[in-house]
Number of protein chains: 2
Amino acid sequence: MQGYDKYAFEPFAVTVDLAVFTIREGGLRVLLVERGEQPYAGRRALPGGFVQPDESAETAARRELAEETGLSDVAGLHLEQLRTYSEPDRDPRMRVVSVAFTALVPNAPDVYGGSDAARADWLPYTEHRPGYAPLAFDHDQVLADAHDRVGAKLEYTGLATAFCPPEFTLGELRQVYQAVWGAELDPANFRRKVLATPGLVEPVPGAARLTGGRGKPAALYRAGGATALHPPLLRPEGRS
Amino acid sequence: MQGYDKYAFEPFAVTVDLAVFTIREGGLRVLLVERGEQPYAGRRALPGGFVQPDESAETAARRELAEETGLSDVAGLHLEQLRTYSEPDRDPRMRVVSVAFTALVPNAPDVYGGSDAARADWLPYTEHRPGYAPLAFDHDQVLADAHDRVGAKLEYTGLATAFCPPEFTLGELRQVYQAVWGAELDPANFRRKVLATPGLVEPVPGAARLTGGRGKPAALYRAGGATALHPPLLRPEGRS
DNA sequence: TCTCTTTATAGTCGTCGAGACCATTAAAGA
DNA sequence: TCTTTAATGGTCTCGACGACTATAAAGAGA
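This is a predicted model, so every value here is computed, not measured.

**Q** Lay out the overall build of chain A in plain terms, naming residues and giving numbers.
**A** A count of helices and strands for chain A gives 4 helices and 11 strands. Here chain A holds 240 residues, and 50% of them are scored as buried. If you take every contact in chain A between residues at least 6 apart in sequence, the share linking residues at least 24 apart comes to 64%. When the accessible surface of chain A is totalled, it reaches about 11,300 Å², and 51% of it is carbon and sulfur.

Encoded structure:
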């Protein structure tokens, strides 16, 4: 780690890859692009790009997130580093080290294909997809790791609110858990646990309620300031 | 992410930094080296080094771990990627992206200073050290992140056994939790919870017991195959 | 040798959280 | 109006956990 010459080493390219999730129609979706060039032309891949010389990986990831989703307000979105993938042969062209991130987007708008010419879509996430074509590079692994991380963080953090708009009902919040975990939750028990957890959510003043849907109108809540949950909100069974 | 020239970008140097923990005299210790060169000459730092062109970050981390600790059997040690630090100015000399790892070592031998000329020591980890000189680079942050991760993983994985020799008593295992969490645990309740968790530990056949210490001889156990704990083994209070 | 200290191990008891389940309320839709 | 749907409120039981007490088996010191 001492006295080194910046050209004495094989140059590493550093990129970011993004696993961007949203909830749509009660199901978990992930943002995937279709590659236009070799290698892996025509394959689906996670959006991503190079880290520029003057930015950190986090900055690059947020820039890419804005470019790929077309969202203007990307500052408030949840973005979290997942891990770094550095196998020497993960990109056949040259040595690429990729820092993977997970992002959570509420109310995702349709995407038109971002900065690259490649198409981009919100595709349903299905954990074990037998018939699906594998993603480019090691992105199947990255995506699986990202899903594991998000599912685990729902248990002991208030992360689920990042999938919701600023004001939401407990039913919407419950759908987040159900979509990510792929499990049914009892509405009454879920409500009791969420409200018993200090700082998870707080009611919107003025007894605001959401009408227009079916059934009894639900009360509206905002995200609370809590990041760590005590006690955790455990998922039903020993799923991965 | 298409058609790029390997010299069209500022070359990034990629390094690994290691936060290596062990338990000694009932307390948590961390392996720190003393830097011999600028910048930060004389400061303590986490051990680490460059990733070579033909190795992954994980491979580089394990190689550095062997070099710095002087351990011959480094294959079975717990080594886990923490996160990647990529702020553009984190190293004043050039652009360095560092992948940080956490390693757990049982029965740590003394270290003589590794491949670098710098001295290396197992220093007590004290979470809030007011009077201590800060570490080099952003290593205070890295070390704090590593400690958080290890503490959290003790709760819901069988990680604690990685701090223990192949055969250990429940008292030794309890000391691991106490050292990392900085909290006292009731021996009887700890025993009940550990034995009630399937796959955490298994008794050594032949009713082997450890004698020679004070008190009643304790039964010996081995690490079980469980990686995830159901239910988790929660720490006493809402500590960080 | 006898006693004290230390640590492991066993058991008890009260509290609390969690899941299963039922009942009621209030809206939309036919 | 009647049915359907979803939110909300309540009860019950079980199991986990923390606090606590008791017993067993070794070393240390008198």
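**Q** Break down the pattern of salt bridges for me, with residues and values.
**A** Evaluated as defined, the whole model comprises 33 salt bridges over all chains. Of the charged contacts in the structure, one is a salt bridge between Glu155(A) and Arg235(A), with a shortest N-O distance of 2.6 Å. With Glu155(A) in helix H2 (residues 139-156) and Arg235(A) in the segment after strand S11 (218-223), this residue pair connects regions lying 80 residues apart in the sequence. Neither Glu155(A) nor Arg235(A) differs from the other in exposure class; each is buried. Residues Glu80(B) and Arg149(B) are paired through a salt bridge, measuring 2.8 Å at the closest nitrogen-oxygen approach. Remark: Arg149(B) occurs in helix H2 (residues 139-156) and Glu80(B) occurs in strand S5 (residues 78-85); sequence separation between them is 69 residues.

**Q** Outline the protein's contact with DNA strand D, listing residues and values.
**A** Of all residues adjacent to DNA strand D, which total 24 residues, the nearest are Arg174(A), Arg191(A), Gly215(A), Ala219(A) and Asn189(B). For DNA strand D, the backbone portion of the atoms within 4 Å of the protein, that is sugar and phosphate, comes to 65%. Here a phosphate oxygen of DNA strand D and a side-chain polar atom of Arg174(A) are 3.0 Å apart. At 2.8 Å, a side-chain N or O of Arg191(A) approaches a phosphate oxygen of DNA strand D. Among the secondary structure elements, those contributing two or more residues to the surface near DNA strand D are helix H3 (170-181), helix H4 (187-196) and S11 of chain A together with helix H4 (187-196) of chain B.

**Q** An account of the protein's contact with DNA strand C is needed here, citing residue identities and associated values.
**A** Around DNA strand C, 25 residues are found, and the nearest of them are Asn189(A), Arg174(B), Arg191(B), Gly215(B) and Ala219(B). Contacts to DNA strand C include Lys193(A), whose side-chain N or O atom sits 3.1 Å from a phosphate oxygen. In the model, a phosphate oxygen of DNA strand C is placed 2.9 Å from a nitrogen or oxygen of the Ala219(B) main chain. If you list the elements that add at least two residues to the surface near DNA strand C, you get H4 of chain A together with helix H3 (170-181), H4 and strand S11 (218-223) of chain B. Considering each element in turn, the surface near DNA strand C owes the most residues, 4 residues, to H4(A). Of the residues that constitute the surface near DNA strand C, the class distribution is 9 nonpolar, 6 polar and 10 charged.

**Q** For the domain arrangement of chain A, give the residues involved together with the corresponding values.
**A** Residue and element names in this part refer to chain A. Partitioning chain A into structural domains gives domain 1 (13-155) and domain 2 (157-223). Placing the centre of domain 1 and that of domain 2 at their C-alpha centroids yields a distance of 27 Å. The interface is formed by 17 residues belonging to domain 1 together with 13 residues belonging to domain 2. Summed over both partners, the interface of domain 1 with domain 2 buries about 1,400 Å², with 73% contributed by carbon and sulfur atoms. At the junction of domain 1 and domain 2, the tally comes to 0 salt bridges. Along the contact surface separating domain 1 from domain 2 lie 4 residue pairs in polar contact (both at pLDDT 80 or more). Elements supplying a minimum of two residues to the side of domain 1 that touches domain 2: strand S1 (13-24), strand S2 (27-34), strand S6 (96-105) and H2.

**Q** Can you lay out the packing of aromatic side chains for me, pointing to particular residues and giving the numbers?
**A** Residue and element names in this part refer to chain A. Taken as a whole and judged by the stated rule, the model has 9 aromatic pairs over all chains. Grouping aromatic residues by their ring pairs yields a cluster made of Tyr177, Trp181 and Phe190. Lying across the ring of Tyr85, Arg83 places its NZ or CZ 4.5 Å from the centre.

**Q** Which residues make up the confidence of the model for chain A, and what values go with them?
**A** It should be kept in mind that the predicted coordinates are not to be read in detail where pLDDT is low. Residue and element names in this part refer to chain A. Of all residues in chain A, 89% have pLDDT values of 70 or greater, and the mean over the chain is 88. Strand S5 (residues 78-85) holds the highest mean pLDDT among the elements of chain A, 98, whereas strand S10 (residues 209-210) holds the lowest, 71. Scored below 50 in pLDDT, residues 1-7 makes 20 contacts in the model with residues more than four places away or belonging to other chains.

**Q** Requested: an account of unusual backbone geometry, with residues and values cited.
**A** Here the residue pair Gln38(A) and Pro39(A) is connected by a cis peptide bond, since its omega of -5 degrees sits within 30 degrees of zero. Note that Pro39(A) resides in the loop between S2 and strand S3 (44-45). Even without being a glycine, Asn107(B) presents a positive backbone phi close to 50 degrees. Among the structural elements, Asn107(B) can be located in the loop between strand S6 (96-105) and strand S7 (120-124). The class of Asn107(B) is exposed, set by a relative accessible area of 59%.

**Q** With reference to specific residues and values, describe the pairing of S1(A).
**A** Residues and elements named next belong to chain A. With respect to burial, S1 is a largely interior element, 12 of its 12 residues being buried. Along S1, one buried face is formed by Ala13, Thr15, Asp17, Ala19, Phe21 and Ile23 and the opposite face, lined by Val14, Val16, Leu18, Val20, Thr22 and Arg24, is buried too. In this sheet, S6 lies alongside S1 in parallel orientation, the contact comprising 10 bridges. Within S6, the residue paired with Ala13 across the bridge is Val96. In the sheet, S1 pairs with strand S4 (residues 48-50) via 3 bridges, with the strands oriented antiparallel.

Rules used in this analysis
Residues numbered from 1 in each chain as written. Chains lettered and ligands numbered in written order. Predicted model: local features only at pLDDT ≥ 70, side-chain atom pairs only at ≥ 80, totals over all residues. Heavy atoms only, no water. Helix = DSSP H or I, 4+ residues; strand = E, 2+ residues; numbered from the N terminus. Buried < 20%, exposed > 50% of the residue type's maximum accessible area, 1.4 Å probe, protein only. Contact = heavy atoms within 4.5 Å. Areas by Shrake-Rupley, 256 points an atom, 1.4 Å probe, with all protein chains shown as cover. Salt bridge = Lys/Arg side-chain N within 4 Å of Asp/Glu carboxyl O. Near = heavy atom within 4 Å. Polar contact = N/O pair within 3.5 Å; in protein donor to acceptor, adjacent residues only side chain to side chain. Nonpolar A, V, L, I, M, F, W, Y, C, P; charged D, E, K, R; others polar. Domains from an automatic or database assignment. Buried area = accessible area lost by both parts, 1.4 Å probe. Phe/Tyr/Trp six-rings, centres within 6.5 Å; stacked < 30°, edge-to-face > 60°. Lys NZ or Arg CZ within 6 Å of the ring centre and 35° of its normal. pLDDT = per-residue confidence, 0-100. Pairing = 2+ DSSP bridges.

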